[in-house]
Amino acid sequence: MKIRLKPLSEQVVVVTGASSGIGLVTAKAAARKGARLVLSARNGADLHRAVEEIRREGGRAIYVIADVADVDQVNGIAAAAMREFGRIDTWVNNAAVSVYGRISEVTLDDMRRQFDVNYWGQVHGCRAALPYLKREGGAIINVGSALCDRAIPLQGNYCAAKHALKAFSDALRMELEEAGVPV
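If you're wondering where the values come from, they're calculated on a predicted model, not measured in any experiment.

Draft legend 1. Examining the overall build of the protein more closely. Within the protein, the regular secondary structure consists of five helices and five strands. Whereas a compact globule of 183 residues would reach a radius of gyration of roughly 16 Å, the protein reaches 16 Å, a difference of no more than 12%. By its C-alpha atoms, the protein is 50 × 40 × 25 Å across when sized along the principal axes. Here the protein holds 183 residues, and the buried ones make up 48% of them. Pairs at least 24 apart in sequence give 64% of the contacts found in the protein among residues at least 6 apart.

In structure tokens form, the structure reads like this:
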């Protein structure tokens, strides 16, 4: 199956973790190429600034304050994209949190929160996007890193979440390909 993505200038792109870092840079680059954007993160003030900057430069963007660890809030991101732009073409799961420390010293609450964002947040994003992407095709981008394949000291739980994300992403890709879904 050959997947053909629309030119970026014709796409509606959702980016989580879009208030800073890779997410913000990705959103701004897509806006410069003409994509319509839905930016999401927990930091409303930074999202507002990002959207205002994109609009000042002639782009079209909205933002949704959401915690990707909450499935209902992630579904709300998809609903906002549909209300504003009528579709989703690319969904970028970028939101993540870092916790540095020895595995034996990081609290279980912090470890669970990290998994809720870094793994479950991306799972929620995939599941929110898929019903819309299946209609006309599109892309899901799950942001990982070299730590999807390699563990390092002081970031053991982060690495575990990224390892899990890689396995999830690989299995999802194979399932979609087998079903002939153009995502």
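Draft legend 2. How the structure looks around the pattern of salt bridges. Tallied over the entire structure, the rule returns nine salt bridges. Among the ionic pairs, D89 bridges to K6, the shortest N-O distance being 2.8 Å. Placement of D89 in the loop between α3 (71-85) and β4 (90-93) and of K6 in the segment before β1 (12-16) is noted, with a sequence separation of 83 residues between them. On the basis of relative accessible area, D89 is assigned to the buried category, the value being 3%. With a closest N to O distance of 3.7 Å, D170 and R173 form a salt bridge. Residue D170 and its partner R173 are both found in helix α5 (residues 156-179); the two are separated by three residues, about one turn of the helix. Residue classification places D170 among the partly exposed positions, given a relative accessible area of 25%. On the basis of relative accessible area, R173 is assigned to the partly exposed category, the value being 45%.

The rules behind each value
- Residues numbered from 1 in each chain as written.
- Predicted model: local features only at pLDDT ≥ 70, side-chain atom pairs only at ≥ 80, totals over all residues.
- Heavy atoms only, no water.
- Helix = DSSP H or I, 4+ residues; strand = E, 2+ residues; numbered from the N terminus.
- Rg over C-alpha atoms; globule rule 2.2 N^0.38 Å.
- Buried < 20%, exposed > 50% of the residue type's maximum accessible area, 1.4 Å probe, protein only.
- Contact = heavy atoms within 4.5 Å.
- Salt bridge = Lys/Arg side-chain N within 4 Å of Asp/Glu carboxyl O.

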